[in-house]
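Understanding the architecture of this molecule
Given next are the chains, with one letter for each unit.
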Amino acid sequence: MNSMNRKNKDEKITKIGRRVVSMKNFFKKLKVIMAFTAFLGGTGVSMTALTNEPVLAAESYVRKTGDETGYTIPKEITIKKGETKTITLNVPKCSTDVTNVAWGHQTNGCFSYIESKPGSYWGKKAYITIKGTDPGTGYINSQASVFKTKGNPDSYKYTAHDRCVVKVVDGTEKKDTKKPLRGISLNKSSAVLAKGNTLNLKVSYAPSDTTDSKSVYWSSSNSFVASVKNGKVTAVKPGTAVITARVGNKTAKCTITVNIPLQSISLSKTALSLKAGENAMLYYTNKPSDTTEKGGVSWSSNNTAVATVSGGRVVAKKAGTATITARLGEKTATCKVTVGAASGKNNTSSSKTTSTKESYKNVSEAYTLTNQFRTTKSNQWYWNANNRTKTYTYGLKALTRDVALENIAKQRAKEQWTQYYVKGKKTHDRLNGSSCWTAYTKGSNPCAENLAWGHKDCRTVIVNPNNGWAETFKKYADQGHRRNMLKSEAKRVGIACYEKDGKTCWAMCLGW
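Read on for a plain summary of the structure. Everything numeric here is computed off the predicted structure, so don't read it as measured data.

Further remarks concern the overall build of the protein. Each helix and strand in the protein was counted, giving seven helices and 34 strands. Sorting the 512 residues of the protein into buried and exposed places 38% on the buried side. In the protein, the share of contacts with a sequence separation of at least 24, taken over all contacts with a separation of at least 6, comes to 63%. Summed over all atoms, the accessible surface of the protein reaches about 28000 Å², with 50% contributed by carbon and sulfur.

This is how it looks when you write it as structure tokens:
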């Protein structure tokens, strides 16, 4: 009986012991769960259930950061509203540890949770997928329990935790697509146009797809020389003008030079018959008469034994033929000269002809002296009519040597030689009594004329203060030539000196 009672008593004690052990295990589990709950509660997140995680002894729980262990998630991500993003746990390379991951999230209303996977001991990746809902900032938390041996709770090492900041932006937000204008350029930076011709200027933009205004404002520094409208440049008259294109505060420029090209030249005669010892004068005419072609005409003979030429004067030497050529720039004109043998009667005539020498002097120095006088500040004045005050002409520019005006000057010098030395008249009228201006061809645009007789060289006729055109020591009434050389509207000049029998007549023709 006693043995039976003792046996029953021992069995009861054993059952009670088992219950006590079971309760102890329960409280151990409870402590672990409470520890996890305390961690999650501190972060303010919800947590998915742990899957397949072995029971841990409460006293063995070790918490480390992801950076300490290598079990990390991105520190920050940015997603657009409506975009889906998956965050995966990073595992240290060559790791033999096994993990189980619990995911938590604090959305703050900016993203929604879609699904999460805790991973496993068998190497499946742990991840969580979210979707952006509204602009804002939220958080993702990861808690990875790390074990050294699969299925062995006693191989627990530590629990790694990490956090990811989630920024949600408005996916419909427009990017700044403005492309400011950096600069503009023209298809030409300079051009030479003949009077009356046109040129189309085009603007290029940098960048070409700029979002700034592409409206162009066109202007000309001298619309009397070259005008512009919507990029179309028209050459108006000889000179230089700068065309400017302006877009906003950006500019581009093109320098336009307008000229009047020489089309052709012609001689007063295309054929000439002379006797040996005789001479004759050839005159040339350029077309158009107001050409801006610079330089004088050069003369030549293809047979100087038969006939020579200088300044247009042809001298017959002996019987035969020769071709006289006048050249201006690229243009030429010719005259065929036929020379016959001189007869006894003609020899007398020829002797008289050759004794009367006539020619046009070289006046190149006269152009230099005229411009030196005109542009030197100390010379830029003339008396007013009261002879007490002066008019100053500071800032005058040099005159351009003009072929058309030079030809007219030659004609005027020869005409006035006859007027003075034959008829005894000092006048600007022509031999037939008409105005001097009738000698000027259309387009020569004359503005003044100076005449002088008897001067032997360029210096005395131009700058001599008493007898020359400078007239420095004279009063207003006698400074007409000086005022002509200082005219502000004068832009071009032609000068000539006709000499016959040792007597000279000078002519200066000024044009605007």
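Moving on, we get to helix H4 (residues 364-375). For H4, with 12 residues, the first-to-last C-alpha span of 17 Å sits near the 16 Å given by 1.5 Å per residue. Of all the residues in H4, the buried ones are Ala366, Tyr367, Leu369, Thr370, Asn371, Phe373 and Arg374. Tucked into the core, H4 has its buried residues touching strand E31 (400-401), helix H5 (403-421), helix H6 (458-463), helix H7 (480-485), strand E33 (492-500) and strand E34 (503-511).

Judged by pairing direction, the sheet is mixed, and its four strands sit side by side in the order E11-E18-E17-E14 without closing on themselves. Edge positions in the open sheet fall to strand E11 (190-194) and strand E14 (217-220), since each of these has one partner strand only. Direction aside, neighbouring strands of the sheet carry axes that sit 25° apart on average. In the sheet, E14 pairs with strand E17 (residues 239-247) via four bridges, with the strands oriented antiparallel. Bridged to Trp218 within E17 is Ala245.

Within this structure, the stated rule accounts for 10 aromatic pairs. Relative to Tyr394, the ring of Tyr392 has its centre 5.4 Å away and its plane inclined at 40°; by these criteria the two rings are tilted. On the basis of relative accessible area, Tyr394 is assigned to the partly exposed category, the value being 48%. Ring geometry for Trp417 against Tyr421: centres 5.2 Å apart, planes inclined by 45°, an arrangement best described as tilted. Of this pair, Trp417 and Tyr421 both sit in helix H5, four residues apart, roughly one helical turn. Tyr421 gets classed as partly exposed once you look at its relative accessible area, which sits at 24%. Three or more aromatic residues joined by ring pairs make a cluster, and in this case those are Tyr360, Trp417, Tyr420, Tyr421, Trp453 and Tyr498. Sitting over the ring of Tyr394, Lys377 keeps its end group 4.7 Å from the ring centre. In this structure, Arg483 is placed above the aromatic ring of Tyr476, and the distance from its NZ or CZ to the ring centre is 4.1 Å.

Turning next to the layout of surface pockets. The space that makes up the largest pocket amounts to roughly 840 Å³. Lining the largest pocket are 31 residues, with Pro238, Gly239, Thr400, Lys491 and Arg492 sitting closest to its centre. Where the lining of the largest pocket is concerned, the elements lending two or more residues are E17, strand E18 (250-259) and E31. With three residues, E18 is the largest single contributor of residues to the lining of the largest pocket. Across the lining of the largest pocket, the residue classes tally to nine nonpolar, 11 polar and 11 charged.

Rules and cut-offs
Residue positions are counted from 1 within each chain, in the order its sequence is given. Only residues with pLDDT of at least 70 are given local features in this predicted model, and only at 80 or more are side-chain atom pairs given and counted; all residues enter the totals for whole chains, interfaces and linings. Hydrogens are left out, water is left out, and the side-chain values use all remaining heavy atoms of the structure. The secondary structure listing takes helices from DSSP runs of H or I that are at least 4 residues long and strands from runs of E that are at least 2 residues long, numbered from the N terminus. Relative accessibility decides the category of a residue: with a 1.4 Å probe and only protein chains considered, values under 20% of the type maximum give buried, values over 50% give exposed, and everything between is partly exposed. Two residues qualify as a contact provided that any one of their heavy atoms is within 4.5 Å of a heavy atom in the partner residue. Surface exposure here means Shrake-Rupley accessible area, sampled with a 1.4 Å probe, where a residue is shielded only by the protein chains that are shown. Each helix should span, by expectation, one fewer than its residue count multiplied by 1.5 Å. A pair of strands is labelled paired if DSSP reports no fewer than 2 bridges between them. Between the N-to-C directions of two axes lies an angle of 0 to 180 degrees, each axis being a line fitted to C-alpha atoms and, for a helix, fitted only over the stretch in contact. Each Phe, Tyr or Trp ring, with Trp reduced to its six-membered ring, pairs with another whose centre is within 6.5 Å; inter-plane angles below 30 degrees give stacked pairs, above 60 give edge-to-face pairs, and intermediate values give tilted ones. Lysine and arginine charges are scored as sitting over a ring when NZ or CZ, respectively, is within 6 Å of the ring centre and within 35 degrees of the ring normal. Using only the protein atoms, space was sampled on a 1 Å grid; points where a 1.4 Å probe fits but cannot get out form cavities, open sets with protein on both sides within 12 Å along at least five of seven lines form pockets, and lining residues are those with an atom within 4 Å of a point. Grid points are joined across faces, edges and corners, and a volume is the space filled by probe spheres set on the points. Note that Gly is not counted as nonpolar here; it falls among the polar residues with everything else outside the nonpolar set of Ala, Val, Leu, Ile, Met, Phe, Trp, Tyr, Cys and Pro and the charged set of Asp, Glu, Lys and Arg.

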